[in-house]
Structures are given as structure tokens and as C-alpha cells.
Amino acid sequence: MRVEIQLRIVSDDETMLCDDAVLRLDRAEHRLATLGVSLAEAKTLLANVQNRLVAAQAADHVARHRSCPACGRPRPIKGYETVVFRTAFGVVRLPSPRLVHCRCQAANRRTFCPLTGLLTEHTAPELLYLESKWASLVSYGLTADLLKEVLPVGTTANASTIRNHLHKVARRCDAGLGPEQVGFIDGCPADWKELPVPEGPIVVGLDGGYVRNWDDRKASFEVIVGKSVPENREHRYFGCVQTVDNRPKRRIFEVLRSQGLQMNQDLVFLTDGGDNLHALVDGFSPCAEHYLDWFHITMSLTVLGQYAKGLAHHNVEEATAMQTALERIKWRLWHGDAREALIRIEDLAEDLDVLESGYPNLARFAKATAEFATYIRSNRAIIPNYGERRHNDEPISTAFVESTVNVVVDKRFAKKQQMQWSKVGAHRMVQIRTRTLDGTLRETFAAWYPAMAANAA
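Scoring rules and cut-offs
Residues numbered from 1 in each chain as written. Predicted model: local features only at pLDDT ≥ 70, side-chain atom pairs only at ≥ 80, totals over all residues. Heavy atoms only, no water. Helix = DSSP H or I, 4+ residues; strand = E, 2+ residues; numbered from the N terminus. Rg over C-alpha atoms; globule rule 2.2 N^0.38 Å. Buried < 20%, exposed > 50% of the residue type's maximum accessible area, 1.4 Å probe, protein only. Contact = heavy atoms within 4.5 Å. Patch = residues over 30% accessible without salt bridge, like charges linked within 9 Å, V, L, I, M, F, W, Y side chains within 5 Å. Areas by Shrake-Rupley, 256 points an atom, 1.4 Å probe, with all protein chains shown as cover. Salt bridge = Lys/Arg side-chain N within 4 Å of Asp/Glu carboxyl O. Phe/Tyr/Trp six-rings, centres within 6.5 Å; stacked < 30°, edge-to-face > 60°. Lys NZ or Arg CZ within 6 Å of the ring centre and 35° of its normal. Pairing = 2+ DSSP bridges. Axes fitted to C-alpha atoms, helices over the stretch in contact; angles between N-to-C directions. Lys, Arg positive; Asp, Glu negative; His and termini not counted. Charge placed at Lys NZ, Arg CZ, Asp CG, Glu CD. Disulfide = S-S within 2.5 Å. Parallel < 35°, antiparallel > 145°, perpendicular 65-115°, else oblique. Left-handed = near helix turned anticlockwise from the far one by under 90°. Nonpolar A, V, L, I, M, F, W, Y, C, P; charged D, E, K, R; others polar. Domains from an automatic or database assignment. Buried area = accessible area lost by both parts, 1.4 Å probe. Core = buried A, V, L, I, M, F, W, Y, C linked by side-chain atoms within 4.5 Å.

1. So, the overall build of the protein
Helix and strand counts for the protein come out as 17 helices and 11 strands. Against the compact-globule benchmark of 23 Å for 457 residues, the protein has a radius of gyration of 31 Å, which places it well outside the compact range. The principal-axis extent of the C-alpha atoms belonging to the protein is close to 100 × 65 × 40 Å. Counting across all 457 residues of the protein, residues that qualify as buried make up 44%. Sequence-distant contacts, at least 24 apart, represent 62% of the contacts inside the protein between residues at least 6 apart.

This is the structure in C-alpha cells:
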């Protein structure tokens, strides 16, 4: 069996621009591996079609600009240059003529290249999208290998190029953000009463993950990530490196606005109580509330409970008293009595300071208790009645954000492998990865290149 695939390109005036065979196949053997088109043959087919189609489109574009729009005379060609255009189906090299402006009209420059008006970028949007999306999921090197494996992208695909392209996309994403503001509350109470009834509350959880610093190999820096969960809309991720980002509140607001935030809508922020997050969650809505999530409280209490269990091997009576004290502290915090809970934590810290025991971790137990007291003291204003909120089916924990930290930060930034990142590189990666994970990266590209939305449909 012989197969021949022919490509025919016809212009608007029925002129034949191309009528070539783009792939010839011989199927003499009937075997499983020879059924259909192989990956290598498909890559050859795509590369040949792409090369001819782009060349025909470029030639048609040049032909449309060859004649002077004023007098109709053809513009002289001064010379040719070669323009390289990288696509998902191969690298295309195009002859780019330099035309001389007609004398019938004044011009700032004597010559111009028509293709510069068509090729505003030298990488096709579809390839840029694939590089950015795949690089946000796996390493730059693996992305280059994957692209070469399944697409005829050529030998120019490498980790450095893909990293540079991802950074370029992230910079463009940041360029679309509006200016930073202290607050985003708009209108007055009278206006808010006229707004339609919102669909439901929006719950926003924020937390941080740590990444090894490329510039200071022994240190780490924090990546703030969050997840916005409306009642009846799609969830959205966001994130930033605060020491790099100068518009973190604007970034959060744009996510909330895309989810239909209204000034009369309940907005709940759940955080771990970090000092860098208090100012970050203020000023988004008159109905906003900020609470310390229960998950982080229970984590601290669990650690203290483990110390108390260790103490039991050396002093059973004291350990039992400590465990009872911790249970009462937890009960007070669960019911929102931060004042009494703090008093009891401070008393426990004092008892540990004077306790004499052979328990080797006693000093650590005392230090952890003192740090827990500082933690509750700093955040007592945002400790609600967790029991009442749970009874009313209201959110009390950012456990879902812990999984967000794992998905956004740990899995891509290779926490177990201790990969090192620059702060700028990590910030830009987070911008693309969050959009990939919540499915909005394609929408972002479609806003820049509207034809991509039409092609996707």
C-alpha cells in the first residue's frame, strides 16, 4: 500500500499557492507497528504542512503590501533578510523583503519590512502557551524533552529558552495588574444595599511554603500561596513572593473580582496568623472577616501534647497535669476564650520553667510553650468561637490551603530534592503554575491573542 498526502493552498483570488506532496508512505508489511501513522511520520507531516502554510501566509502578507496604497505602483525591493519563526510544529525560516517607500508619499524611513507587522513576536502563541504550561508542571529540562518527543519543534527547544519564555509570560501577566492600593472597598453603605443578593460567601485561605534560596544557599525564603473558594463558582489559586511582589493585595483582589466579589458579600480570610498576612487581608470588603485557622492551633497543641507524653516516662504525675492543662487550653480556644486560654498557657510555661526532671526535652517543651503563648497573644483578636462556627457550618480551618501549598509549591519546587530558586524565578513560576492549576492560563493567552480562543472552540 502506498499513501500520498497532498497539500493544496489556494488564495482568495483562486490562485494556486501550493500543491505539493507533504508525506509519502509505503505500507508493504502488515504489522501492528505499521498500522496508521507513526509519531515520527506525524511529526514530519506537521512540520511540512506548517512550513508551507506559514510561508504561503507570509508571502500573501508581503504581496498585499507590495503595491503603494496611494499610486498603486509596486514598491522596489532593496534586499532580503531571513526571519526565524518558532512554532509548535517546527521552526520556519522566511525570506523577508525590505521594500522601498514610494516617492509619492513622505515617510520617516526609506525602507520597511512588511513581515514585521505580521510577526510581532518570533515565537508562536500556541508554542509559548505549551512551553509555559508544561514548564509549570515539570522541570524546564523535562519540558524541552517532552516537546521534542511529541512535536517537531526542532533542536532549539532547551531548558534555558523555555525558562526565558515562561518569565516573559509571567512578566506580561504582572503588567496587566492595576496599581496597588491600601484598600479596595468601593462605594458607600447606601450603594451596597442596592446590590443584588450575592451567590454566597467566599472563603480565602492563605499560607506559606519555604523554598531554598539560590542566592543564599543556606537560607530559604517564603512563597505565599492561597486559594479562593466561592460557594457557587470555580476555585482559584494565587501566590507571590512578597519580597519581590509590589502588588500582592491587587493580585488577590483581581482573583476575587474575577469570582464576582460584591461589596455586600461575606468574605472570610483564614490564615496562620503570620505578621506578614495581617495587613495583606485588610480592605477588600466591608463584610470581610479575618480568623486564625484552627488547623494551626491544633498543630501547635499536638506538638505540646507529644512533649507531655515524653515527660510521662520521667514524671507521670507532672505529665498527667500537663496533659490536663493542655486539654483545658484547647477547650478554651475552641470556644473562643482566648483571654483565659492565654493565662493558662502562660501558667503552664511558668510551671515548666521551674520543673525539675530528667526529661531531656524539657527545655524544648518549655520553649515551645512560651512560643505558643506568644502566638496566641499576637493573634487573640482573630480567634473566634470555633465551636459555634462549626455548629453553623462556617469555615474554621485552612486545611485546604495546606494541600494548596503542597500542590503549588512543594510538587513543582521539589521540596524533597531541595531545589534552589531565585526569588524572582520562584515568583514568576508561581504566577504561571497557579493559572495552570486552576485552568485560567488558556484564558489569559486568549485575552492576549483572541484567535486562540476561536481556535480552541
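2. Here's the deal with a nonpolar patch on the surface
Together, L39, L146 and V150 make up an exposed nonpolar region whose accessible area comes to about 220 Å². Looking at the element boundaries, L146 is found in helix α4 (residues 140-150). For L146, a relative accessible area of 37% puts it in the partly exposed group.

3. Considerations on the packing of aromatic side chains
Tallied over the full model, the rule gives 11 aromatic pairs. Seen from their ring centres, W334 and Y386 are 6.4 Å apart, and the 25° between their planes marks the pair as stacked. One end of the pair, W334, is in helix α10 (residues 316-334); the other, Y386, is in helix α13 (residues 386-391), and 52 residues separate them in sequence. Between the aromatic rings of F445 and Y449, the centroid separation amounts to 6.3 Å while the plane-to-plane angle is 25°, which identifies the pairing as stacked. Directly above the aromatic system of W214 lies the positively charged group of R217, at a separation of 4.0 Å from the ring centroid.

4. A short note on the pattern of salt bridges
If you walk through the whole model with that rule in mind, you get 22 salt bridges. Close ionic contact of R172 with E121 constitutes a salt bridge, the shortest N to O distance being 3.7 Å. Highlighted residues: R172 in helix α5 (residues 159-175) and E121 in the loop between α2 (115-118) and α3 (125-137), separated in sequence by 51 residues. Owing to a relative accessible area of 33%, R172 belongs among the partly exposed residues under this scheme.

5. Quick notes on the side chain of H165
In this fold, H165 is placed in helix α5. According to the relative accessible area criterion, H165 is buried, its value standing at 13%. Not counting the four nearest positions on each side in its chain, H165 is found in contact with R86, T123, L128, E131 and S132.

6. Quick notes on the sheet that holds strand β5 (residues 111-112)
Strand order in the open sheet formed by 3 strands is β3-β4-β5, and the pairing between neighbours is antiparallel. Of all strands in the sheet, those with a lone pairing partner are β3 (77-87) and β5, marking the two edges. Inspection of the sheet shows strand β4 (residues 90-100) paired to β5 by 2 bridges, in the antiparallel sense. Of the residues in β5, the one forming a bridge with L99 is F112. Packing against the sheet, helix α1 (residues 39-66) makes contact with β3, β4 and β5, and its axis sits at approximately 15° to β4.

7. Re a negative patch on the surface
On the surface, D347, E350, D351 and D353 cluster together into a negatively charged patch. Exposure remark for D351: the relative accessible area of 43% places this residue in the partly exposed category.

8. Observations concerning the environment of W448
Position of W448 relative to the elements: it lies in helix α16 (residues 441-448). Apart from residues lying up to four places away in sequence, W448 is in contact with V169, R172 and C173.

9. Concerning the state of the cysteines
Taken as a whole and assessed by the stated rule, the structure comprises 0 disulfides. Looking at C68, it has no disulfide partner, and the nearest cysteine sulfur is the one in C104, 3.4 Å off. Counting only cysteine sulfurs, C240 is the nearest neighbor of C173, a cysteine outside any disulfide, at a range of 14 Å.

10. A look at the packing of α10 against helix α11 (residues 338-354)
Direction vectors running N to C along α10 and α11 enclose 160°, while the axes themselves pass 8 Å from each other. Relative to α11, α10 is oriented roughly antiparallel. Judged by the sense of rotation from one axis to the other, the crossing of α10 with α11 is left-handed. Facing M322, A325, L326, R328, I329, R332 and L333 of α10, the residues of α11 in contact are A338, E340, A341, R344, I345, L348, D351 and L352. For the contact of α10 with α11, the class distribution of residues is 10 nonpolar, no polar and 5 charged.

11. A few points about the domain arrangement of the protein
If you check the domain split of the protein, you get domain 1 (2-122), domain 2 (189-293 + 397-421) and domain 3 (295-379). Distance between the C-alpha centres of domain 2 and domain 3: 30 Å. Domain 2 puts 10 residues into the contact, and the matching count from domain 3 is 5 residues. Summing both sides of the interface, domain 2 and domain 3 together bury roughly 690 Å²; the carbon and sulfur share of this comes to 55%. Inspection of the region where domain 2 meets domain 3 yields 0 salt bridges.

12. Some thoughts on the nonpolar core
Burial of nonpolar side chains together is a common tendency in soluble globular proteins. Core analysis: the largest hydrophobic core is formed by 37 residues, its most contacted members being V223, V409, F413, W421 and F445. Mapped by element, the contributors of at least two residues to this core are α3, α4, α5, β7 (220-230), α14 (399-413), α15 (423-437) and α16. Ranked by the residues each element gives to this core, the list is headed by α3, at 6 residues. Aside from chain neighbours lying at most four places away, what touches F413 is V211, V408, M419, W421, A426, M429 and V430. Listed in part, the 33 residues of the second largest apolar core include L333, L355, A373 and I376.

13. As for the environment of N455
Mapped onto the fold, N455 is located in helix α17 (residues 450-456). A relative accessible area of 58% places N455 in the exposed class. For N455 and V241, which are 214 residues apart along the polypeptide, the C-alpha to C-alpha distance reads 34 Å.

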